[in-house]
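In case you want the letters, here they are:
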Protein chains: 2
Amino acid sequence: MTNACLPIGLPGWAAAYDDTAAHVAGDEARLRLAIELARLNVEYGTGGPFGAAIFEQASGRLVAIGVNSVLRLGNSVMHAEMMAIMRAQKGRASHTLREPAHALYASCEPCAMCLGGILWSGVRRLVCGAPAAAARAIGFDEGPVYPESYHYIEQAGIEVRRGLLADEAEAVVRRYRERGGVIYNA
Amino acid sequence: MTNACLPIGLPGWAAAYDDTAAHVAGDEARLRLAIELARLNVEYGTGGPFGAAIFEQASGRLVAIGVNSVLRLGNSVMHAEMMAIMRAQKGRASHTLREPAHALYASCEPCAMCLGGILWSGVRRLVCGAPAAAARAIGFDEGPVYPESYHYIEQAGIEVRRGLLADEAEAVVRRYRERGGVIYNA
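Here the residue index of a chain counts from 1 through its sequence in written order. Naming scheme: in the order in which they are written, chains are lettered from A and ligands are numbered from 1. The predicted origin of the model limits local features to residues at a pLDDT of at least 70 and limits the giving and counting of side-chain atom pairs to 80 or more, whereas totals for whole chains, interfaces and linings rest on all residues.

A. Expanded view of the relation of the copies chain A and chain B. The fit set for superposing copies consists of C-alpha atoms from residues with pLDDT of at least 70 in both; the fit itself is least squares. You can overlay chain A on chain B at an RMSD of 0.0 Å; the transform is a turn of 180 degrees with a shift of 0.0 Å along its axis. Accordingly, the operation relating the two chain copies is best matched by a two-fold axis. Proximity to the rotation axis, assessed at the C-alpha, singles out Met113 of chain A in chain A; its C-alpha lies 2.0 Å from the axis. We call two residues in contact when their backbone-placed C-beta atoms lie within 7 Å. Residue by residue, 98% of the interface of chain A is reproduced at the interface of chain B, so both copies engage with the same surface.

Structure (structure tokens):
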């Protein structure tokens, strides 16, 4: 499969949200999109309770979205953040989102893989909703993420804002457990 | 691009190594394949000096290979390890490589993203060649990886063996600098 292609398609319901002509101003409104994607991913049963969205910082243009798709796409890399990064880079035909400056909004604090992936993506800003503890509380492993990990990515030039809209973001994570969602990485 | 596909094709020269009928016994011989892939990726100018290979532990069957393809594929996630994981899971049509047990061989110690990605992949064993310091020495950032990060993945049940064939693995990393290879994440 030398010339293989890997599916990174969104679930059908998400097409309506994948509007790269949309412009959204402000951290709260942008993060609310990521949380809404997480909520719908749970309600439609299409994956874990995590959503992400990448915007151009200055213009507010929506560049890409992602929802947790590990089970749906049979790919352990397909966390919401990684999906959004790969879709954004595909859209730009570039391995970096450095110019113009982009920001990534994640409904929940990223796991170890995604925190590293965000560092390499070129985004300049990370805004998260629910704490990683919310994911751990329902049984998800978040991997080796430490306070130093956040210091590291801030030192590398990424602005980080955590805990915004945490209550509504955390409610989505809890809702996944209530619906009996699979903990695929425990 | 709701139904989008993401290219995960190997460079043309690598097709000859992508033989999923091959069987290889022993850590050294398996790691040597990962190092050879890294070396050829440098010599052919198709990417960074990093290679990876995933084998079924018991049978020694080669399941998937990967080479650093960040610039070639325009995708910051496409480190050798992540490519091998995604190709292996695609081949098995499953988000986990847990059964039967698989081992991942990496020509250089994984960056923060790949270490997390390895944890979620389901592989039970990680064998690495060059130390992360070798990549840092030529200017690559490895991200937030700490001694605790390795303890964490070992606690999670992954056997780790580091520093095997370190000299030849490190020589490939140095060769990349000699050839003027691009440091795409500095």
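B. Quick peek at the sheet that holds strand E6 (residues 159-161) of chain B. Residue and element names in this part refer to chain B. What makes two strands pair is DSSP finding at least two bridges between them. Secondary structure follows DSSP: runs of H or I at least 4 residues long count as helices, runs of E at least 2 residues long count as strands, and numbering of each begins at the N terminus. Spatial strand order, E3-E2-E4-E5-E6: five strands in an open sheet with mixed pairing. The sheet is open, and its two borders are formed by strand E3 (62-67) and E6, each paired with just one other strand. The average undirected angle you get between the axes of adjacent strands in this sheet is 15 degrees. Where strand E2 (residues 51-56) and E3 come together, five bridges link them in antiparallel fashion. Note that in E3 the partner of Phe55 across the bridge is Leu62. Throughout, an axis means a line fitted to C-alpha atoms (over the contacting stretch in the case of helices), and angles, computed between N-to-C directions, take values from 0 to 180 degrees. The strands touched by helix H7 (residues 166-178) are strand E4 (102-108) and strand E5 (125-130); relative to E5, the strand with the most contacts, the crossing angle is about 65 degrees.

C. Main features of the interface of chain A and chain B. Facing 47 residues of chain A, the contacting portion of chain B comprises 46 residues. Listed by contribution, the elements that provide at least two residues to the side of chain A that touches chain B are strand E1 (5-7), helix H2 (70-73), helix H3 (80-92), helix H4 (112-121) and helix H6 (147-155) of chain A. Of all the elements, H4 of chain A adds the most residues to the side of chain A that touches chain B, at eight residues. Note on residue categories: nonpolar means Ala, Val, Leu, Ile, Met, Phe, Trp, Tyr, Cys or Pro, charged means Asp, Glu, Lys or Arg, and polar means any other residue, Gly included. Among the residues making up the side of chain A that touches chain B, the classes are represented as 26 nonpolar, 17 polar and four charged. As paired strands, E1 of chain A and strand E1 (residues 5-7) of chain B are joined by three bridges and run antiparallel to one another. When the bridges of E1 of chain B are listed, Pro7 of chain A appears paired with Cys5 of chain B.

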